[in-house]
Structure formats: structure tokens, C-alpha cells
Amino acid sequence: MQSIAAASLIDLVAAVMEGGGSRAAEARTIARRLVDANLVGHDSHGVLRVGTYLQWVRDGWLVPNATPTVIFDNAALAIVDGNRGFGQVIGEFATSLGIDKAARQGIAFVGLRNCGHLGRLGDWAEMAAAAGQVSLHFLNTSGAQRVAPYGGSDRRLSTNPLAIGVPLADAPPAILDITTSTVAEGKLMVARNKGELVPEGWIVDKAGQPTTDPARFYDGGALLTIGAHKGSGLSILTDLLAGAVTTGRSSDPTDTVLRNNMLSIYIDPKVYDRDHVVLAEARRLVDWVKASPPADPAQPVLGPGDVERRTREARLAAGIPLDARTWSDLVDAARSVGLDAARIARLSAIPGAAGA
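The following paragraphs examine the structure supplied in this document. All values reported here derive from a predicted model rather than from experimental measurement.

### Points about the sheet that holds strand β4 (residues 107-115)
Stage number 1. Spatial ordering of the open sheet is given by β2-β3-β4-β11-β5-β6-β7, a layout of seven strands whose pairing is mixed. Two strands lie at the open edges of the sheet, namely β2 (69-73) and β7 (171-179), each paired on one side alone. Shown here is a sheet whose adjacent strand axes are inclined to one another by a mean of 15°, direction ignored.
Stage number 2. Across the sheet, helix α9 (residues 278-290) is in contact with β6 (161-168) and β7; its angle to β6 comes to roughly 110°.

Structure, rendered in C-alpha cells:
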């Protein structure tokens with residue numbers, strides 16, 4: 001493992017994405033959001049995605065510098081086609097649109113379809129919370145079945161994550177960011193890169209048998225859903241909300257292009273909360289729950305989003321740890337778009353990185 005300062009990693013990834021065809025502003029946005037995923041500990045949605053993104057560009061699955069198209073628009077509702085643009089950029093557009101509508105109407109619905117990988121879903125809940133808004137986000141991936149339904153043995157669903165954000169009075173927001181599968185598929189990539197096994201109950205092999213070897217997943221296996229039949233039902237409904245309801249596509253094995261679809265709902269309490277009780281009441285509940293005497297005195301009760309905030313603070317101070325495989329893949333991606341060893345070393349500010 002080696003640690004790289006967040007600012008240096010952003011510079012490196014931005015240069016790679018610009019070399020891959022993105023304009024400077026887009027490249028910077030992609031880099032900033034990927035590195036931020038690493039900062040909060042969601043390494044599965046961080047810089048290990050860079051090489052994959054470049055391959056998707058070459059395959060035509062991702063379109064650099066694409067602009068979204070608003071297909072339907074009224075005071076409180078919009079349907080946006082991402083035109084297979086980078087999700088980090090298109091996601092910011094769609095979230096800003098929803099925030100603006102909710103600020104006027106009190107509530108807004110934005111359906112985003114046909115978009116590139118939207119990255120860490122919690123980004124969009126955090127963005128809304130920073131504007132003082134509650135938000136709910138449901139996401140699917142129409143061309144990437146990864147998950148077996150409860151009682152099944154093969155891939156029928158995507159990982160189908162969801163995120164919910166609630167701002168709190170004079171405190172950081174409560175942010176829940178989870179997949180309806182046991183873990184995000186990227187966590188298997190992280191484990192495989194590190195040469196580690198995964199916990200029991202995460203995956204099955206191509207015969208539907210339990211395994212802890214992430215390589216078995218990539219050999220035709222499948223992830224499992226959280227919470228048995230309850231998690232399976234939540235996954236199916238998330239897929240329907242993100243896919244069918246947005247006029248996008250729900251899980252479909254005939255769809256040869258990996259694309260994200262997302263349904264987002266935004267609620268702005270400022271529109272109706274004349275007495276300013278909503279955020280105060282939200283803060284009261286979270287504080288009361290966290291005040292529960294911990295079963296382990298060394299492990300205080302945490303609220304949604306606390307782990308990510310602690311990880312961000314630690315990694316901003318000490319740097320972002322990258323395993324050797326992830327770093328090697330990032331260097332290969334940089335070289336594939338014409339960055340020479342000296343520039344890679346200079347951008348990443350790692351002594352000896354030119355020889356990595």
C-alpha cells in the first residue's frame with residue numbers, strides 16, 4: 001500500500017481523463033468525485049474505475065463531453081437523458097435541476113436515464129443536503145446483471161443502490177448510501193486486487209454455491225442481496241423505480257450497453273416549514289439515538305454518514321491508501337493516453353513513481 005495526497009491524485013486522474021478525450025472541466029469533475037469516493041472510504045467507486053472508464057470510452061459506452069437532454073419538464077418534474085455522458089458530470093446537472101425545482105415547489109422528481117456510471121450515490125444526497133433539502137435516490141444499471149434474487153442462483157439484477165439524505169440543524173447531515181446487494185461489485189474488485197477473500201454470504205459461484213473467492217464471482221458467479229427475501233424485494237423495487245419509472249430500462253440482459261438510470265426525489269422543508277422545526281427535530285432524533293450507551297465503550301454509536309466523515313478527515317491528513325494493483329492499473333491507464341513516466345511521477349508527487 002502507498003498513500004497519495006488527495007490533491008495530487010485529483011491532478012493525476014484529471015490528466016488521464018483529459019488524455020482520454022474529456023475537456024478540462026469535465027476531466028476535473030470526474031477526478032474530483034472519484035477521489036472523493038476514496039476519501040470517504042468508498043474505494044470501490046474511486047480511482048480504480050479510471051482504466052474501466054477509458055475502456056468504456058473506447059467501446060462507445062461512455063461519451064466524453066456529452067450534454068444531457070431534458071426530455072420532459074414542468075414545475076416539479078423532469079426526465080433527463082444523459083446521452084451516455086460521464087455520470088459525475090450528468091449527475092451534477094440532474095441534481096442541480098432537482099434542487100432548483102424543489103426550492104420553488106417544495107418537492108421535485110427527476111428521472112435520469114441512459115447515463116454513464118454515476119459513481120458514489122451518496123454524492124447526490126450530500127449535494128442536496130448542502131442545499132438544506134431531503135433527498136432520496138434509487139439507481140440501477142440496465143446492462144449489468146450482477147445479483148441473484150433470493151432463492152435464485154444466477155444474475156438477474158444489478159446492485160441497485162439507494163441513498164437517502166436528511167439535513168440536520170447545526171450538524172452534518174444524516175446520509176445513508178447502500179447497495180441492495182450485500183456489497184457493491186467494486187468491493188470485489190478491491191478484494192481481488194489485494195488478493196484477499198471476502199466474507200461468507202457475499203457471493204455464490206456460477207453453480208450457485210457459496211464461495212469467498214472473488215475470482216469465482218468474475219467467473220460467472222453472482223452477488224447476493226441483503227436481508228434475504230426482504231433485500232431481494234427492495235432490490236427489485238429499486239430497479240423498477242430507477243429503470244421503468246424514469247422511462248429508462250430496468251434490468252435487461254439484452255441491453256449490451258452498461259448505463260445507469262436514477263430516480264431522485266427532493267424535498268425542501270424551507271418551503272413549508274415556517275416554524276423551522278424539521279431540521280431541529282431531525283437533529284434531536286439522531287442525537288438521541290447516538291446517545292445510546294455503547295455495547296463496546298471503545299465503539300460509540302454512529303449515525304448515518306459518520307464513518308465516511310471520519311474516514312475523510314483521516315485520509316485528508318494521511319493521504320489516500322492505494323494497493324499495488326490499483327496503482328499499477330492507474331499508471332497503465334495514464335500511459336495508455338500518452339502520459340510519460342516523468343509526468344505521472346510529477347502529477348502524483350510520489351518519489352519513484354516513474355518506475356511503478
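### Thoughts on the environment of Asp252
Stage number 1. By secondary structure assignment, the location of Asp252 is in the loop between α8 (228-242) and β11 (260-267).
Stage number 2. We classify Asp252 as buried; its relative accessible area is 18%.
Stage number 3. Considered as a pair, Asp252 and Leu77 are 175 residues apart in the sequence and their alpha carbons are 26 Å apart.
Stage number 4. Residues in contact with Asp252, not counting those within four places in the same chain, are Ser142, Gly143 and Gln145.
Stage number 5. A distance of 2.6 Å separates the side chain of Asp252 from the side chain of Thr254, its partner in a polar contact.

### Quick word on the pairing of β11
Stage number 1. The buried fraction of β11 is high, at six of eight residues.
Stage number 2. Looking at chain direction, β4 and β11 are connected through seven bridges and run antiparallel. Bridge assignment links Val110 to a residue of β11, and that residue is Ser264.
Stage number 3. Bridge analysis of strand β5 (residues 134-141) against β11 gives eight bridges, and the strand direction is antiparallel. Following the sheet pairing, Leu139 is matched in β11 by Met262.

### Points about helix α5 (residues 122-130)
Stage number 1. Listed as buried for α5 are Gly122, Asp123, Trp124, Ala125, Ala128 and Ala129.
Stage number 2. For α5, the secondary structure elements touched by its buried residues are α2 (24-39), α4 (87-105), β5, β6, β7 and β11.
Stage number 3. Where α5 terminates, the next one or two residues include Gly132, which has phi positive at roughly 80°.

Quick notes on the rules
Residues numbered from 1 in each chain as written. Predicted model: local features only at pLDDT ≥ 70, side-chain atom pairs only at ≥ 80, totals over all residues. Heavy atoms only, no water. Pairing = 2+ DSSP bridges. Helix = DSSP H or I, 4+ residues; strand = E, 2+ residues; numbered from the N terminus. Axes fitted to C-alpha atoms, helices over the stretch in contact; angles between N-to-C directions. Contact = heavy atoms within 4.5 Å. Buried < 20%, exposed > 50% of the residue type's maximum accessible area, 1.4 Å probe, protein only. Polar contact = N/O pair within 3.5 Å; in protein donor to acceptor, adjacent residues only side chain to side chain.

The values are spatial; any link to function lies outside them.
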